[in-house]
Structure formats: C-alpha cells, structure tokens
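Structural overview for review
Letter by letter, the chains look like this.
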Amino acid sequence: MDRISALRNVEDALAAFEDGEVDLAGLEREVRGTLRTYATEFEGELSAYRAVSEADASVDGTVVLAGSRQGARERVRELVDRPGSFAVERFDGA
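We now turn to the structure provided with this report. Just so it is clear, the model here is predicted, and its values are computed rather than measured. (Residues numbered from 1 in each chain as written. Predicted model: local features only at pLDDT ≥ 70, side-chain atom pairs only at ≥ 80, totals over all residues. Heavy atoms only, no water.)

1. Structural notes on the sheet that holds strand 3 (residues 87–90)
Ordered in space as 2-1-3, the three strands form an open sheet in which the pairing is antiparallel. Pairing within the sheet leaves two strands with one partner each, and these edge strands are strand 2 (63–66) and strand 3. Going across the sheet, the axis of each strand differs from the next one's by a mean of 40 degrees, ignoring polarity. Note: strand 1 (residues 47–52) against strand 2, four bridges, orientation antiparallel. (Pairing = 2+ DSSP bridges. Helix = DSSP H or I, 4+ residues; strand = E, 2+ residues; numbered from the N terminus. Axes fitted to C-alpha atoms, helices over the stretch in contact; angles between N-to-C directions.)

2. Examining the environment of Ala15
Mapped onto the elements, Ala15 comes out in helix 1 (residues 3–18). Sequence spacing of Ala15 and Ala39 is 24 residues, and the spatial spacing of their C-alpha atoms is 22 Å.

As structure tokens, then:
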C-alpha cells in the first residue's frame, strides 16, 4: 500500500464516521489496520521491526521502520526515553 492509498483509506474511514456509518471503535480499527498495512508493506529498503520488553512497557510494542535489526534498536532508543533492556523482531502486522 502506498502513501496515497493509505491516506485515502483513512479519509474514507473518517467520512464513514462523520456520516454515522461506523462508531469510534470501528474508526479506530480501520485506521489502525490501514497504518499497519502501510508500515508492513512499506516499499523500499526498510522493514518494520517491533520492540519486545517484558520489563519496560514504554518500549514493548513500539514499531519502527529500519534497514536492519541494529538500525531498529537504534531507532527505538531515539524514540523512547531510557528504554532499558529490549529485543527487536521483524513485524508483519499480525
């Protein structure tokens, strides 16, 4: 999914919400699904990685785009204050 398609899908979901065709929870599911699809089908040299940490909830579940596992670790460190110990794994959106 390219950026334009993702934006159109989000726009369609917002319109459905505004028209009363879907509730807030449905809107959130649709937008979340669109963003996950966009991130995990990202075209280019980057892949999606998810941080996993049983000890630090602020890190656990963080998803970043990076060219490698090490790049993903560095990106998570940039985004989270004092991330502590964590691992990263490839993320396919499931």
